[in-house]
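Tertiary structure, described
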Amino acid sequence: MDQEVKRKPAGVRERAGAVLLLAFGLYALFEAAKLPFGGVRAPDAGFFPVCVAAALSVFALMAMLAEAPRDEAGAAARDGNGAARVSIAAVALLLYALFLKPVGFLVCTLLLMLLLLRGICKVSWRASLLAALPAVALSYFLFTRLGVPLPAGVLAF
Amino acid sequence: MDTVNNLLLGFSVSLQPMNLLYSFVGVLLGTVVGVLPGLGSAATIALLLPVTYAMPPTSAIIMLAGIWYGSMYGGSTTSILLRVPGEAASVMTCIDGFEMAKRGRAGVALGISAFGSFIAGTFGLVGLIYLAPPLAEFALDFGPPEYFALTVVGLTLVSFLGGRSVPRALTMAALGLLLGTVGLDPVRSAARFTYGSLNLQSGIELVPMVMGLFGLAHVFQMIEEKLAVEEIARAPTNLLSLLPNRQDWRDSIGSILRGSLIGFLVGILPGAGATVSSYVAYAVERRRSKHPEKFGHGAIEGVAAPESANNAATSSGFIPLLTLGIPANVVMALILGAFMLHGITPGPMLLTQKPEMFWGIITSMFVGNLMLLVLNLPLIGLFVKVTRLPSSFMIALIVLASLVGAYGVNNNPFDILMMLLFGVFGYLAEKFGYSLAPLVLAFVLGPLMEISVRQSLIISQGSFGIFVTRPISAVLLGIAALLLVSPPARRVLQFLPAYKAR
C-alpha cells in the first residue's frame with residue numbers, strides 16, 4: 001500500500017520498453033520528415049509530427065538512461081504460463097477480427113467466449129455454455145435492435 | 001441571483017425523469033466498478049462510450065460523470081472490509097479503514113466514509129458553481145498562444161504528478177501527441193502516417209483506443225494473474241451501526257472539511273486528481289494530529305480525510321474541462337471524448353452557448369451524490385457480494401462488451417484490430433511501468449496543441465516570441481519550464497559538495 005518505492009539502475013528488461021519506444025520515435029521521425037515541413041512562418045503538415053517524433057525519441061532516450069522504480073522491475077517478471085494465456089487470447093482476438101465478417105458475429109463470438117471460459121479460465125463445459133450462449137444471443141439481439149448491424153455471416157438466410 | 005437562476009435552470013434539466021434515470025444508472029455502475037478491484041472507472045467509461053452514441057448528449061455526460069464519482073464511493077467499501085482498494089484513490093482508506101473494521105468498527109468507518117464523501121462532493125460542487133463561470137469568462141480572451149501554453153503545462157503537470165517516472169510519463173505524452181497526428185492534417189488535409197489505408201484517414205478512433213488501453217489490457221492482466229479477493233471483515237448488517245456517534249463526528253468533521261478543501265484544490269491540477277489528493281489529505285491529517293501514532297491503527301481521521309479529498313477532487317476535476325476544454329485527468333479525457341462524439345466542444349463557450357447542458361451536468365452531481373448516500377449505506381452487503389463474481393465471467397463480459405463496442409463505432413472489424421493493438425500495448429506498458437494517462441491525455445489534446453502552435457506562428461509571422469510576450473502564455477510556459485528543468489537541475493546539484501553536505 002504505502003510501501004516505499006526504492007530505485008535502482010535500470011536493467012536490460014526495464015530498458016527494453018524504452019529501447020522499443022526510442023526505435024519507434026526514430027522511425028516516426030524518418031517518416032514525418034517525408035511530409036511537407038513548411039517553415040516557422042507557415043508550418044505545414046510535417047511540422048508538428050517532426051517536433052513530437054523528435055521529442056518522443058529524446059524522452060525515450062532519457063527513460064532508457066534513467067533509474068527504474070524497483071516495484072516496476074518486479075512487475076516485469078511474471079510466470080511464463082500467464083504470458084502464454086495472454087498470447088493465446090490475443091491471437092484469438094486477432095482471428096476474431098479477421099473472420100468476423102465472413103463467419104458472422106454469433107459463431108465467432110460464441111467460439112471466442114468458449115475459448116476464454118473453458119480454454120483459458122478452465123471453467124467447466126456446462127458453465128461455459130450456460131454463460132456464453134445466452135450472453136452472445138442476448139448481445140446480438142440487443143445491439144442489432146439498437147442499430148448496430150452485427151454481421152450474420154454463415155447464419156444469414 | 002444569477003447563481004440561483006442558473007441552478008434552477010440546471011435542476012430543470014437534471015431532474016427530468018430520463019436524466020434522473022441515467023444519473024442513477026451512472027452512480028450504480030460507478031459504485032459497482034468502484035467495489036470491483038482492478039476494473040476502474042476509466043475502463044468502465046471507455047467501455048460505455050459507444051453506448052452513449054444513441055443517448056442525448058447531456059444524459060450521456062450525466063451518466064459518465066455518475067460513474068466517475070460513484071466509483072469513489074464504491075472504492076471505500078472494499079478498502080475497509082477487504083483491504084482491497086477498488087480504486088487507486090481508495091488506497092489510503094485501506095490503512096485505517098481496515099484497522100477500524102478489524103476492531104469491530106467497520107460500520108462507523110463505512111458510515112463516516114459515505115457521509116464525508118457526500119459533504120466533500122457537495123463542497124466541491126459549490127466551488128465548481130462559483131469558480132467555473134468567472135474562469136470561463138476569463139478564458140474567452142484566450143487565443144492560440146494561450147491554448148498552446150495551456151496544453152503544454154497540462155501535459156507537463158500530468159507527467160510530473162501522475163506518473164511514477166517523469167521521463168517515462170513524458171515519453172508516453174509524446175507518443176500520445178504523435179498518435180494524434182495520424183490521419184488528415186487539420187489545416188491542409190494532407191494524409192499523415194496513413195500508409196494508403198482509408199481506415200486511418202480519419203485518424204485513430206478514441207473509442208477503440210481507450211477500450212483497448214483500459215478494457216482489454218485489464219482483461220489480459222486478469223488472464224495472466226487471477227484476481228481473487230476474500231472477505232476479511234464482515235459487512236455490517238445493521239443500518240444503525242453505520243451511523244457515527246457524536247465523538248466520531250467531533251473527531252472527523254475537521255478532517256472532512258480539510259480533506260474537502262485539499263481535494264478541491266488538488267483536483268483542479270492536471271494529473272493530480274483524486275488519488276494524489278487522498279495521499280495529500282492523509283499526510284496533512286497525520287502531520288497536524290496530536291496523536292499521529294494512532295494513524296495506521298484505526299484513526300477515524302485517516303478514513304474521513306482521504307475519502308473526502310477524493311470526492312471533492314472528482315467535482316473540481318470538471319472545472320478545467322468545462323471552462324477551458326482541458327481535461328485534468330484520464331477520466332476527464334474520456335468525458336471530453338464523449339462530448340466530442342456528440343459534436344460538442346467543452347470550453348468557455350459551453351457556458352454561453354449551452355447553459356442548460358453546463359448547469360444540468362453540475363446539478364446532476366448534487367442529485368447523484370444524494371442518490372449515492374441513500375444507495376450506499378443500505379446496499380453495502382450487496383456490493384461486497386459483487387466482489388465474489390468469478391473473474392472468468394468478468395473476463396468474458398468485458399471482452400464481449402469491448403468487441404461489440406469497438407465494432408459499433410464504424411461497423412468495421414478494423415476497429416477491433418485497433419482495440420487489440422492498443423490492448424496489447426496497454427498490457428505491455430503497464431508491465432514495464434509506463435503510465436497510460438499521459439498518452440490518452442496527449443492524444444486528446446494533440447489536435448488542439450497542433451492547431452494552436454501553427455496558428456500562433458502564422459499570427460506572429462514565425463516569431464516564437466508570441467509565446468513569451470503574452471502574459472498568460474508566458475506564466476504557463478514558465479511553470480512548465482520550471483517543472484521540466486527541476487529534475488535535471490537537482491541531479492546536477494547533487495554533484496556539488498555544498499548540496500551533498502546538506
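In what follows, the structure referred to is the one given above.
In this report, the structure presented in the accompanying data block is examined. (Residues numbered from 1 in each chain as written. Chains lettered and ligands numbered in written order. Predicted model: local features only at pLDDT ≥ 70, side-chain atom pairs only at ≥ 80, totals over all residues. Heavy atoms only, no water.)

Secondary structure summary: chain B contains 22 helices and 2 strands in total. Here chain B holds 502 residues, and 61% of them are scored as buried. Sequence separation of 24 or more characterises 78% of the internal contacts of chain B that already satisfy a separation of 6 or more. (Helix = DSSP H or I, 4+ residues; strand = E, 2+ residues; numbered from the N terminus. Buried < 20%, exposed > 50% of the residue type's maximum accessible area, 1.4 Å probe, protein only. Contact = heavy atoms within 4.5 Å.)

Next up on the list: the overall build of chain A. If you tally the helices and strands in chain A, you get 6 helices and 2 strands. Within chain A, buried positions represent 39% of all 157 residues. Residue pairs at least 24 apart in sequence account for 58% of intrachain contacts in chain A once pairs closer than 6 positions are excluded. Surface summary for chain A: the accessible area is close to 8,600 Å², and the carbon and sulfur share equals 70%. (Areas by Shrake-Rupley, 256 points an atom, 1.4 Å probe, with all protein chains shown as cover.)

A few words on the packing of helix H6 (residues 106–139) of chain B against helix H10 (residues 246–268) of chain B. In a pair of packed helices, the angle between the axes and the distance between the axes together describe the arrangement. Residues and elements named next belong to chain B. As a packed pair, H6 and H10 sit with axes 9 Å apart at the nearest point and diverge in direction by 40 degrees. What the angle tells us is that H6 and H10 run oblique. As for the relative orientation of H6 and H10, their crossing is right-handed in sense. Between H6, through Val108, Ile112, Phe115, Gly116, Ile119, Ala120, Phe123, Gly124, Gly127, Leu128 and Leu131, and H10, the contact on the second element is made entirely by Asp248, Trp249, Ser252, Ile256, Ser260, Leu261, Phe264 and Ile268. Of the residues contributing to the contact of H6 with H10, the split by class is 13 nonpolar, 5 polar and 1 charged. (Axes fitted to C-alpha atoms, helices over the stretch in contact; angles between N-to-C directions. Parallel < 35°, antiparallel > 145°, perpendicular 65-115°, else oblique. Left-handed = near helix turned anticlockwise from the far one by under 90°. Nonpolar A, V, L, I, M, F, W, Y, C, P; charged D, E, K, R; others polar.)

Glancing now at the environment of B:Ile256. Residues and elements named next belong to chain B. Turning to its location among the elements, Ile256 is positioned in helix H10. C-alpha of Ile256 to C-alpha of Arg105: the two residues are 151 residues apart in sequence and 18 Å apart in space. For Ile256, the contacting residues outside a window of four places in its chain are Ile112, Gly116, Ile119, Trp249, Ala304 and Ser308.

Residue and element names in this part refer to chain B. Considering all chains together, one arrives at 11 salt bridges over all chains under this definition. With a shortest N-O distance of 2.7 Å, Arg192 and Glu450 are connected by a salt bridge. Taken together, the residues Arg192 in strand S2 (residues 191–192) and Glu450 in helix H19 (residues 437–459) connect sequence positions 258 residues apart. Residue Arg192 shares its accessibility class with Glu450, and that shared class is buried. Of the charged contacts, one joins Lys431 and Glu224 as a salt bridge, the two residues approaching to 2.9 Å between their closest N and O atoms. Of this pair, Lys431 sits in helix H18 (residues 413–431) while Glu224 sits in helix H9 (residues 206–224), and the two are 207 residues apart along the sequence. The network of salt bridges with shared partners includes Asp185, Arg192, Glu450 and Arg454. (Salt bridge = Lys/Arg side-chain N within 4 Å of Asp/Glu carboxyl O.)

Bringing the interface of chain B and chain A into the picture now. Counting residues at the interface gives 58 residues for chain B, matched by 70 residues for chain A. Taken over both partners, the interface formed by chain B and chain A buries close to 5,800 Å², and the fraction arising from carbon and sulfur atoms is 76%. Here chain B is connected to chain A by 1 salt bridge. Residue B:Arg188 is joined to A:Asp44 by a salt bridge in which the shortest nitrogen-to-oxygen separation is 3.2 Å. Counting across the interface, chain B meets chain A through 8 residue pairs in polar contact (both at pLDDT 80 or more). Residue assignment for the side of chain B that touches chain A shows that the elements contributing at least two residues are helix H5 (91–102), helix H8 (166–179), S2, H9, helix H17 (391–410), H18 and H19 of chain B. (Buried area = accessible area lost by both parts, 1.4 Å probe. Polar contact = N/O pair within 3.5 Å; in protein donor to acceptor, adjacent residues only side chain to side chain.)

A few words now on the nonpolar core. In terms of nonpolar packing, the biggest core is built from 171 residues, with B:Phe339 and B:Val399 touching the most fellow members. By residue number, the principal contributor to this core is H9(B), which donates 13 residues. Among all residues touching B:Val399, those that are not within four sequence positions of it are A:Leu93, A:Leu112, A:Met113, A:Leu116, B:Leu216 and B:Val219. (Core = buried A, V, L, I, M, F, W, Y, C linked by side-chain atoms within 4.5 Å.)

Residues and elements named next belong to chain B. Its location among the elements puts Ser117 in helix H6. Looking at Ser117, its side chain comes within polar contact range of the side chain of Asn311, at 3.0 Å. Discounting chain neighbours no more than four positions away, the residues touching Ser117 are Tyr73, Glu307, Asn311 and Asn369.

All names here are of chain B. The terminal C-alpha atoms of H18, which comprises 19 residues, lie 27 Å apart, in line with the 27 Å expected from a rise of 1.5 Å per residue. Within H18 the residues assigned to the buried category are Pro413, Asp415, Ile416, Met418, Met419, Leu420, Phe422, Gly423, Gly426, Tyr427, Ala429 and Lys431. With a side-chain oxygen lying 3.0 Å from the backbone nitrogen of Phe414, the N-terminal cap of H18 falls on Asn412. Of the residues one or two after H18, Gly433 is the one with positive phi, at around 80 degrees. (Expected span 1.5 Å × (residues − 1).)

This part takes up the packing of aromatic side chains. Summed over all chains, the structure comprises 12 aromatic pairs over all chains. When the centroid spacing of 5.4 Å and the interplanar angle of 55 degrees are considered together, the rings of A:Phe37 and A:Phe47 count as tilted. Of this pair, A:Phe37 sits in the loop between helix H1 (12–32) and helix H2 (47–65) while A:Phe47 sits in helix H2, and the two are 10 residues apart along the sequence. Overall, A:Phe47 belongs to the buried group, its relative accessible area being 6%. By way of ring pairs, the aromatic residues B:Phe138, B:Phe142 and B:Tyr147 are connected into one cluster. Looking at B:Arg168, its charged tip hangs above the ring of B:Tyr434, at a distance of 5.1 Å from the centre. (Phe/Tyr/Trp six-rings, centres within 6.5 Å; stacked < 30°, edge-to-face > 60°. Lys NZ or Arg CZ within 6 Å of the ring centre and 35° of its normal.)

All names here are of chain B. Taken N-terminus to C-terminus, the directions of helix H3 (residues 41–48) and helix H4 (residues 57–82) make an angle of 160 degrees; their axes are 9 Å apart at the nearest point. The pairing of H3 with H4 is recorded here as roughly antiparallel in orientation. Crossing angle aside, the handedness with which H3 passes H4 is right-handed. On the side of H3, the interface is formed by Ser41, Thr44, Ile45 and Leu48, while H4 contributes Met63, Leu64, Ile67, Trp68 and Ser71. Looking at side-chain class alone, the contact of H3 with H4 contains 6 nonpolar, 3 polar and no charged residues.

Residue and element names in this part refer to chain B. The phi angle at Tyr195 is positive, at roughly 50 degrees, despite the residue not being glycine. Within the fold, Tyr195 resides in the loop between S2 and H9. Positive phi outside glycine occurs at Gln461, with the angle close to 55 degrees. Along the polypeptide, Gln461 turns up in the loop between H19 and helix H20 (466–469). By relative accessible area, Gln461 is classed as exposed at 55%.

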